[in-house]
Amino acid sequence: MSSRITWFNEELIIYIFRSTGWIGFLYFVGLIFALPLEMLTIILNENNEYVEFENLFSSQQMIQYVLVIVIPVLFAIFLFRFLQMKQASDFIHSLPITRRNIFFHMIGTGMGFIVLPILLTGSILILFHSAIDIERLYTIPDIWSWMGITFILEALIFSVAVLIGMVTGLSALQGLLTYIFLALPVGLFVLFAANVKFLIAGFSADYYLSANMNAISPLLAATEMEKITFFSVDILIYSILTLLFLLSSLFLYERRKLEHVSQAFVFPKIKPLFKFGLTLCMMLLTGLYFSGTTGKPGWIFFGYIVGSLLGYYLGEIVLQKTWRIRLNLKGYTAFTVFIIVLALILKIDPIQYMSKIPDEKMINQIYIGDAPLFFDDDTLDHAPTYLKEKENKEAIRLLHQQIIEKGKKVSIGELDDGKSIFLMYELKNGRRLAREYHLQNYDLYLPLLAKIYESSEYKKTVNELLNVSAEDVSKIKITAIGQVEKSVTITDGQQLDEAVQALSEDLNNQSFTQMTSSFGEYASIDILLNNNKIIYLNWDSSYTQFSKWMENSGQAEEARLMADDISYILVAKTDPKIYNSNSESKLVQQIEQKPNRMKINTSPEINLAIDNAQIDWGGEYSAAFYYKDSRDVDIKSFSGEHVPGFILDHFNE
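Presented here is a report on the structure given in the accompanying data block. Being a predicted model, the structure only gives us computed values, none of them experimental. (Residues numbered from 1 in each chain as written. Predicted model: local features only at pLDDT ≥ 70, side-chain atom pairs only at ≥ 80, totals over all residues. Heavy atoms only, no water.)

## A few points about the overall build of the chain
For step 1, the next point in the chain: Within the chain, the secondary structure is distributed over 24 helices and 11 strands.
For step 2, the next point in the chain: On the principal axes, the C-alpha backbone points of the chain span a range of 110 × 70 × 60 Å.
For step 3, the next point in the chain: Looking at the chain residue by residue over its 653 residues, the buried ones come to 46%.
For step 4, the next point in the chain: Within the chain, counting contacts between residues at least 6 apart in sequence, those at least 24 apart form 73% of the total.
For step 5, the next point in the chain: Accessible surface, the chain as shown: approximately 33,900 Å² in total, 58% of it carbon and sulfur. (Helix = DSSP H or I, 4+ residues; strand = E, 2+ residues; numbered from the N terminus. Buried < 20%, exposed > 50% of the residue type's maximum accessible area, 1.4 Å probe, protein only. Contact = heavy atoms within 4.5 Å. Areas by Shrake-Rupley, 256 points an atom, 1.4 Å probe, with all protein chains shown as cover.)

## A closer look at the sheet that holds strand β1 (residues 363-369)
For step 1, the next point in the chain: With antiparallel pairing, the 3 strands of this open sheet are ordered in space as β1-β2-β3. Each having just a single partner strand, β1 and β3 (432-438) make up the two edges of the open sheet. Neighbouring strand axes in the sheet, compared pairwise and without regard to direction, differ in orientation by 15° on average.
For step 2, the next point in the chain: Note that strand β2 (residues 420-427) and β3 share 7 bridges and pair antiparallel. Note that in β3 the partner of Phe422 across the bridge is Glu436. (Pairing = 2+ DSSP bridges. Axes fitted to C-alpha atoms, helices over the stretch in contact; angles between N-to-C directions.)

## Section: the nonpolar core
Here is a general trend for soluble globular proteins: nonpolar side chains tend to be buried in one another's company.
For step 1, the next point in the chain: Core analysis: the largest hydrophobic core is formed by 80 residues, its most contacted members being Met39, Phe80, Phe82, Tyr138 and Phe158.
For step 2, the next point in the chain: It is helix α6 (residues 140-167) that provides the largest number of residues to this core, a total of 17 residues.
For step 3, the next point in the chain: In this structure, Ile476, Trp539, Tyr543 and Ile600 belong to the second largest nonpolar core, which totals 51 residues. (Core = buried A, V, L, I, M, F, W, Y, C linked by side-chain atoms within 4.5 Å.)

## Here we look at the packing of aromatic side chains
For step 1, the next point in the chain: Scanning all chains against the criterion turns up 33 aromatic pairs.
For step 2, the next point in the chain: Measuring from centroid to centroid gives 5.1 Å for Phe230 and Phe231, while their planes differ by 85°, and the two rings are edge-to-face.
For step 3, the next point in the chain: For Phe231, a relative accessible area of 78% puts it in the exposed group.
For step 4, the next point in the chain: Three or more aromatic residues link up through ring pairs in this structure, and these residues are Phe203, Tyr207, Tyr208, Tyr353, Tyr367 and Phe422.
For step 5, the next point in the chain: Above the face of the Tyr353 ring, Arg435 is positioned so that its terminal group lies 3.7 Å from the ring centre. (Phe/Tyr/Trp six-rings, centres within 6.5 Å; stacked < 30°, edge-to-face > 60°. Lys NZ or Arg CZ within 6 Å of the ring centre and 35° of its normal.)

## Notes on the environment of Gly122
For step 1, the next point in the chain: Mapped onto the elements, Gly122 comes out in helix α5 (residues 99-131).
For step 2, the next point in the chain: Given the relative accessible area of 0%, Gly122 is considered buried.
For step 3, the next point in the chain: Taking the C-alpha atoms as reference points, Gly122 and Asp142, 20 residues apart in sequence, are found 9.9 Å from one another.
For step 4, the next point in the chain: Excluding residues within four positions of it along the chain, Gly122 makes contact with Ile143, Trp146 and Met147.

## Some thoughts on the pairing of strand β7 (residues 534-540)
Side chains on a regular strand alternate between the two faces of the sheet.
For step 1, the next point in the chain: Sheet topology note: the strand β6 (residues 521-529)/β7 ladder contains 7 bridges and is antiparallel. By the bridge assignment, Asp526 is partnered in β7 with Tyr536.
For step 2, the next point in the chain: In this antiparallel pair of consecutive strands, β6 and β7, the connection spans 4 residues, and Asn532 shows a positive phi of 70°.

## Comments concerning the packing of helix α1 (residues 10-34) against helix α3 (residues 61-79)
For step 1, the next point in the chain: Axis separation between α1 and α3 bottoms out at 10 Å; the angle between their running directions is 175°. Looking at the two axes, α1 sits roughly antiparallel to α3. Across the interface between the two elements, Ile16, Ser19, Thr20, Trp22, Ile23, Gly24, Tyr27, Gly30, Leu31 and Ala34 from α1 touch Ile63, Gln64, Leu67, Ile71, Leu74, Phe75, Phe78 and Leu79 from α3.
For step 2, the next point in the chain: Along the lines of polarity and charge, the residues of the contact of α1 with α3 split into 13 nonpolar, 5 polar and no charged. (Parallel < 35°, antiparallel > 145°, perpendicular 65-115°, else oblique. Nonpolar A, V, L, I, M, F, W, Y, C, P; charged D, E, K, R; others polar.)

## Side note on helix α12 (residues 297-320)
For step 1, the next point in the chain: Taking 1.5 Å per residue as the helical rise, α12 with its 24 residues ought to reach 34 Å, and the 35 Å between its terminal C-alpha atoms agrees with that figure.
For step 2, the next point in the chain: Of the positions making up α12, those classed as buried are Ile300, Gly303, Tyr304, Gly307, Ser308, Gly311, Tyr312, Gly315, Glu316, Ile317 and Leu319.
For step 3, the next point in the chain: On its buried face, α12 sits against α7 (171-196), α11 (270-293) and α13 (329-348).
For step 4, the next point in the chain: Where α12 terminates, the next one or two residues include Lys321, which has phi positive at roughly 55°. (Expected span 1.5 Å × (residues − 1).)

Printed below as a string of structure tokens:
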């Protein structure tokens with residue numbers, strides 16, 4: 001009897017159920033534990049009557065995440081495992097059915113196995129909702145949204161795993177490459193941004209890396225499924241990508257040679273792509289590792305060389321399926337030349353990235369600071385502060401121009417020295433232009449920075465107190481810093497008015513140096529507004545008007561750190577190698593053991609020390625503050641013009 005090609009093949013369906021049916025059952029059991037059983041537990045437990053969910057993805061979130069990223073890959077591996085096993089391949093392809101129909105059988109049953117447990121779980125949740133009043137836990141629209149988003153995400157991951165399965169002859173490699181492919185967009189972007197900053201002056205890797213990139217990788221998107229909305233651009237893109245990946249898989253399957261079972265890659269043209277992609281990733285990864293651990297240019301280049309060689313070697317091992325290989329240095333040499341040319345192009349800067357400054361007419365507003373802000377972070381209490389006045393725009397553009405012309409970059413290993421300037425232009429066409437500079441000659445720009453930071457507009461944008469009146473304030477609480485328990489709360493209307501006026505005057509009078517460095521911290525100030533917002537300030541020795549008002553009102557001693565709170569202070573010259581590598585307790589021991597340490601125990605000298613000490617440990621002289629009523633010790637330091645004369649005299653400087 002002659003064979004006949006049919007659209008539907010019963011033998012194939014039986015084969016699929018035998019090989020992958022257990023995964024569908026496992027998936028259904030997992031969903032039952034993650035949702036209906038969890039809901040039932042909450043409903044039956046009276047202690048959980050106040051439990052609420054943001055949506056259904058919040059229930060047993062980890063279980064749902066694992067199911068979403070693992071189940072589709074398992075389906076793809078076991079459905080198309082026949083392509084990687086000669087006996088199974090011969091059996092499937094001997095059936096009276098075309099490859100296209102085999103593909104549709106596999107994809108159809110795979111999608112069915114994914115969607116059926118979702119529908120059954122959703123039906124159980126709908127049954128719960130109709131039988132019990134559990135509106136606080138979820139609503140009917142929540143169920144439809146959960147079913148839709150879960151299916152779309154799993155369908156996308158499934159389609160990627162199927163596509164990878166079409167190009168490889170090894171099941172283990174199919175699973176591994178699927179997750180690499182899914183994470184690749186984010187991984188490559190992170191590696192590229194973190195490395196390109198070494199070549200392009202002004203490139204702010206931190207700013208670009210702070211952008212929300214989860215959506216471009218389904219693996220990362222699945223970690224925040226509760227934030228995804230069904231009717232969104234992301235879901236539309238995922239759906240289109242799923243269709244494209246499946247069509248590409250069909251295209252490749254119909255052209256795949258069946259004898260290529262157990263081969264890493266069945267299409268020869270993919271082999272160099274895999275090998276050089278792995279070489280590039282390993283090179284960037286090791287370069288980034290040595291940048292973070294040593295910060296030395298020599299070590300970073302060493303990392304590039306070692307990483308690229310290692311990646312190239314690993315690629316050959318995977319392709320040849322043995323570690324006993326002979327390296328083809330021609331390929332590696334070609335890769336090295338390509339990377340050098342690419343680096344030179346970036347350095348030459350043909351698109352004028354490094355010298356670009358927007359025209360004043362194009363600028364809507366500008367942000368300036370010493371580090372990038374998370375401009376798209378919804379969790380920020382307030383929006384980033386921008387400058388809009390023409391004088392400030394011109395000053396920032398001039399500053400930017402001078403940095404481009406005269407800026408001396410710090411070496412790679414000194415990026416964290418704090419001498420940074422970050423600029424963010426918001427243009428009238430809605431686009432943003434960000435630049436970040438780590439400078440050796442930072443002090444050269446202090447006059448221009450002072451002009452910007454001391455402007456009335458800048459102070460009003462960063463100091464919320466300058467935008468409110470005393471009538472808006474309901475209470476001020478002042479709490480002394482250090483190991484003392486002292487605080488004062490001001491609620492009287494007249495005192496609030498006087499305190500707000502004194503603080504506003506101090507903020508308006510602050511110099512650039514006082515704004516960027518804090519010396520002589522006395523207390524923290526919490527200003528509670530009538531709308532329940534709180535403004536936080538630090539009371540330091542530069543707040544002359546507020547200090548004077550607190551003393552005149554007789555509240556200073558009860559609200560700030562005083563000489564009477566200190567038993568004595570030990571001072572020693574700072575050893576940078578020590579303070580950078582020690583804990584606070586070890587640093588105290590080392591100050592105590594210094595033979596030439598100075599002990600301060602008179603009230604006038606202690607007061608002078610409190611007024612001039614900086615809270616960080618980076619000054620030229622380290623100081624250990626010992627309290628009368630506490631065994632704890634605070635470490636502070638003195639530097640520059642804030643080093644008291646009697647300390648200089650002691651150390652003969």
